[in-house]
Amino acid sequence: MTQQVKVINRSDNRLPEYQTLQSAGLDVRAHLEAPVVIAPLKRAMIPTGLYVELPEGYEMQVRPRSGLAAKHGVTVLNTPGTIDADYRGEIKIILVNLSDEPFTVEPGERIAQLVVARYTRIEWIECDSLSESGRGEGGFGSTDTK
């Protein structure tokens, strides 16, 4: 199943693309004039040159690339970041370097993944109690104690 999404590409990079037939995320590239060095435990907002118009009822999630995280300790800070259907600004990726070595982001480097997902808006129903469940109020590792 595919969904059409309007996009403006103001970078010299090709559009984000899936790396395999069953990939959920599209790899997005850095739109930079020159390399950007991210010092250990620092962050940088990296432009992509992309502007999108998502259909109503859809969001775009920004997720880390596992290779950058595993090999370099670099990840997306607000994971997953959400791009709403009514946002029209440039997509920028907040990268954080959690390693003890500086990391250089090169122009055109794949820096994150974009996942487009359908969502459902909710309507709150205020009440005084909730139905019982097998789990109850157990959380934060409680299912590991059984």
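Summary of the structure given here. Bear in mind the structure is a predicted one, so any value in this text is a computation, not a measurement. Each chain carries its own residue numbering, running from 1 in the written order of its sequence. Residue-level local features of this predicted model are given only where pLDDT is at least 70; pairs of side-chain atoms are given and counted only at 80 or more, and the full residue set underlies all totals for whole chains, interfaces and linings. Side-chain measures were taken over the full set of non-hydrogen atoms in the model, leaving aside hydrogen atoms and water.

## Structural notes on the side chain of Thr48
Part 1: Helix and strand labels come from DSSP, where a helix needs a run of H or I of at least four residues and a strand needs a run of E of at least two; each type is numbered from the N terminus. With respect to the helices and strands, the residue Thr48 is situated in the loop between β4 (43–47) and β5 (50–53).
Part 2: Here the term buried applies to any residue with accessible area under 20% of the maximum for its type, exposed to any over 50%, and partly exposed to those in between, with areas from a 1.4 Å probe on protein chains only. The buried category is assigned to Thr48, whose relative accessible area is 1%.
Part 3: Whenever a nitrogen or oxygen atom comes within 3.5 Å of another N or O atom, the pair is scored as a polar contact, on the condition that within protein one atom can donate a hydrogen and the other can accept it, and that pairs from neighbouring residues in sequence are kept only if both atoms are in side chains. A distance of 3.1 Å separates a polar side-chain atom of Thr48 from the backbone nitrogen of Leu50.
Part 4: At 2.6 Å, the side chain of Thr48 and the backbone oxygen of Ile91 are in polar contact.
Part 5: Every residue in contact with Thr48, bar those within four places of it in the chain, is listed here: Ser11, Val28, Arg29, His31, Glu90, Ile91 and Ile93. Working rule for contacts: check all heavy atoms of both residues, and any pair within 4.5 Å makes them a contact.

## Thoughts on the sheet that holds strand β6 (residues 58–63)
Part 1: Strand pairing requires that DSSP identify at least two bridges connecting the strands. Strand order in the open sheet made by the four strands is β2-β11-β6-β8, with antiparallel pairing throughout. A single partner strand is all that each edge strand has here, and the edge strands are β2 (26–29) and β8 (81–83). Recorded for the sheet is a direction-independent mean angle of 35 degrees between the axes of neighbouring strands.
Part 2: When β6 meets β8, the two strands line up antiparallel, connected through three bridges. Its bridge partner being in β8, Met60 is matched across the sheet by Ile83. Angles shown run from 0 to 180 degrees and are taken between the N-to-C directions of axes, each axis being a line fitted to C-alpha atoms and, for helices, limited to the stretch in contact.

## Side note on the pairing of strand β11 (residues 110–118)
Part 1: In the sheet, β2 pairs with β11 via four bridges, with the strands oriented antiparallel. For Asp27, the partnering residue across the bridge sits in β11 and is Gln113.

## Here we look at the sheet that holds strand β7 (residues 74–76)
Part 1: With antiparallel pairing, the three strands of this open sheet are ordered in space as β4-β9-β7. Every interior strand has two partners, whereas the edge strands, β4 and β7, have only one. Going from strand to strand, the sheet's axes swing by 35 degrees on average, the running direction of each strand aside.
Part 2: Strand direction decides the pairing type here: β4 and strand β9 (residues 92–97), joined by five bridges, are antiparallel.

## Points about the layout of surface pockets
Part 1: A volume near 560 Å³ is recorded for the largest pocket.
Part 2: Cavity and pocket criteria rest on a 1 Å grid covering protein atoms alone: a 1.4 Å probe that fits but cannot get out defines a cavity, protein on both sides within 12 Å along at least 5 of 7 lines defines an open pocket, and an atom within 4 Å of a point defines a lining residue. Gln3, Val5, Tyr18, Leu26 and Val116 are the residues nearest the centre of the largest pocket, which is lined by 20 residues in total.
Part 3: Every element with two or more residues in the lining of the largest pocket is listed here: β5, β6 and β11.
Part 4: Looking at the lining of the largest pocket element by element, the count peaks at three residues for β11.
Part 5: At the level of elements, β8 and β9 are the ones that each hand at least two residues to the lining of the second largest pocket.
Part 6: Residue polarity follows a fixed list, in which Ala, Val, Leu, Ile, Met, Phe, Trp, Tyr, Cys and Pro are nonpolar, Asp, Glu, Lys and Arg are charged, and the others, Gly among them, are polar. Here the residues of the lining of the second largest pocket sort into eight nonpolar, three polar and two charged. Grid points are joined across faces, edges and corners, and a volume is the space filled by probe spheres set on the points.

## Here we look at unusual backbone geometry
Part 1: Note that the residue after Thr79, namely Pro80, is joined by a cis bond; omega there is -15 degrees.
Part 2: Following the sequence through the fold, Pro80 ends up in the loop between β7 and β8.

## Some words on the side chain of Ser99
Part 1: By the secondary structure assignment, Ser99 is in the loop between β9 and β10 (103–105).
Part 2: Of the residues examined, Ser99 reaches a relative accessible area of 18% and is grouped as buried.
Part 3: Within the structure, Ser99 has its side chain in polar contact with the side chain of Asn97 (distance 2.6 Å).
Part 4: Polar side-chain contacts of Ser99 include one of 2.9 Å to the backbone oxygen of Glu101.

Limitation: the analysis is restricted to geometry and does not speak to function.
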